[in-house]
Amino acid sequence: MNILFFIAAITLVVLVILYLRGQEFLVNIYRLREHSIAVEVSNWDVPMFLAVPCFVSIIVGLVLRLTDWDRDKRIQRCVGVALIFAFLSIAVRIPYGFAVRSYMESLGYSSCWQLSSPAIMSPTVWVRNPGYCIENVGSVRNPLLEWMSLQPNGGADVAPNEVRAKAEELLAIYDHSQKMKYPEIFQEDKR
C-alpha cells in the first residue's frame, strides 16, 4: 500500500511540474515575444523539466517492485537513470541561471527585485524599464503584475508613472481592506 502512495505522490509531482511550470514557461515565451513590460522568469524551469525523467524512472522502479518484476538489473537501471537526471538537473541550474540573466539583459530587460517574490525558487520579475520597479509594493505585487500583464500590446504604451499610479491605487485599496479587517490595530489614540 505504501508503494501505491509513493507512485501517486511522485506522479502528482511530475504532473505539477509539467502542467504548472510548463504553462508558466509557455506564457513567459509569449510575453517575451510580445515585448511585455514585465515578465516573470524562473531559473528553475529547465532544471525542473530535466528532473522529470528522474521521477519517471523512480515511478517505473516502484511499479516494478509492486508487480514483482523487480529484478536487480531493472531496479539498478531505474536508480541509475534517476541519479543521472537528478545530477544533470542540479548541474544545469547554475549555468542556466547565468544564461537567463544574459538573455534577458540582451533583450533590454532588467531584474526588478521590488516586484519579485522573496520566496525560494520564485521567478524573478524582469521589466523593460527600471522605472516600473516601485519600492514597497510587496503587499500588492501580484495584482500589480496581473494588471501589467493585461495591458494591450504588452504594455508598450504604459509609462512608469502610470504603473506607479496603479500601484498607489492598489496600495490604497489594500490599506483600506486591512483597516476594515483589523480595526483594533488601526485605531487612533484618543487621548
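Everything below is about the structure printed above this text.
Residues numbered from 1 in each chain as written. Predicted model: local features only at pLDDT ≥ 70, side-chain atom pairs only at ≥ 80, totals over all residues. Heavy atoms only, no water.

K.L.:
Explain the overall build of the protein residue by residue, including any values.
P.N.:
Per the secondary structure count, the protein includes 5 helices and 3 strands. Ordering the α and β elements of the protein from the N terminus gives α-β-α-α-β-β-α-α. Taken against the 2.2 N^0.38 rule, which gives 16 Å for 191 residues, the C-alpha radius of gyration of the protein at 23 Å runs more than 25% over that of a compact globule. In the protein, the share of contacts with a sequence separation of at least 24, taken over all contacts with a separation of at least 6, comes to 67%. Accessible surface computed for the protein: about 12500 Å², of which carbon and sulfur atoms make up 62%. Seen as two clouds, the 18 positive and the 18 negative side-chain charges of the protein have centres 9 Å apart. (Helix = DSSP H or I, 4+ residues; strand = E, 2+ residues; numbered from the N terminus. Rg over C-alpha atoms; globule rule 2.2 N^0.38 Å. Contact = heavy atoms within 4.5 Å. Areas by Shrake-Rupley, 256 points an atom, 1.4 Å probe, with all protein chains shown as cover. Lys, Arg positive; Asp, Glu negative; His and termini not counted. Charge placed at Lys NZ, Arg CZ, Asp CG, Glu CD.)

K.L.:
Give a detailed account of the nonpolar core, specifying residues and quantitative values.
P.N.:
Core analysis: the largest hydrophobic core is formed by 18 residues, its most contacted members being Leu115, Val127, Val137, Leu144, Met148 and Val163. Once residues lying within four places of it in the same chain are set aside, the contact partners of Val127 are Ile37, Ala38, Gly108, Tyr109, Ser110, Cys112, Leu115, Tyr132 and Cys133. (Core = buried A, V, L, I, M, F, W, Y, C linked by side-chain atoms within 4.5 Å. Buried < 20%, exposed > 50% of the residue type's maximum accessible area, 1.4 Å probe, protein only.)

K.L.:
Kindly report on the state of the cysteines, identifying the contributing residues and their values.
P.N.:
Following the criterion strictly, the structure yields 1 disulfide and no others. Disulfide partner of Cys112: Cys133, at an S-S distance of 2.1 Å. One end of the pair, Cys112, is in the loop between strand 2 (110-111) and strand 3 (124-127); the other, Cys133, is in the loop between strand 3 and helix 4 (141-149), and 21 residues separate them in sequence. The exposure class assigned to Cys133 is buried, which follows from its relative accessible area of 17%. For Cys54, which is in no disulfide, the shortest distance to another cysteine sulfur is to Cys78 and amounts to 11 Å. (Disulfide = S-S within 2.5 Å.)

K.L.:
How would you sum up the packing of helix 1 (residues 2-33) against helix 2 (residues 45-66)? Please name residues and give values.
P.N.:
Viewed as axis vectors pointing N to C, helix 1 and helix 2 meet at an angle of 160°, and their least axial separation amounts to 9 Å. By the criterion of interaxial angle, the relationship of helix 1 to helix 2 is roughly antiparallel. As helix 1 runs across helix 2, the sense of the crossing is left-handed. (Axes fitted to C-alpha atoms, helices over the stretch in contact; angles between N-to-C directions. Parallel < 35°, antiparallel > 145°, perpendicular 65-115°, else oblique. Left-handed = near helix turned anticlockwise from the far one by under 90°.)

K.L.:
A description of the pattern of salt bridges should follow, citing residues and the corresponding values.
P.N.:
Under the definition given, this model contains 3 salt bridges. Where Glu105 meets Arg101, a salt bridge forms, and the shortest distance between an N and an O atom there is 3.3 Å. Linking Glu105 with Arg101, this pair stays in helix 3 (residues 72-106), spanning 4 residues, or about one helical turn. Note on Arg101: relative accessible area 32%, which makes it partly exposed. (Salt bridge = Lys/Arg side-chain N within 4 Å of Asp/Glu carboxyl O.)

K.L.:
Tell me about unusual backbone geometry, residues and numbers included.
P.N.:
Residue Asn136 is not a glycine yet carries a positive backbone phi of 60°. One non-glycine residue, Asn153, lies in positive phi territory at about 55°. With respect to the secondary-structure elements, Asn153 resides in the loop between helix 4 and helix 5 (160-181). Relative accessible area serves as the criterion here: at 53%, Asn153 is assigned to the exposed category.

K.L.:
Just give me the short version of the environment of Gln151, but keep the residues and values in it.
P.N.:
Of note, Gln151 is situated in the loop between helix 4 and helix 5. In this structure Gln151 comes out as buried when scored by relative accessible area, which is 18%. For the pair Gln151 and Gly97, spaced 54 residues apart in sequence, the C-alpha separation works out to 28 Å.

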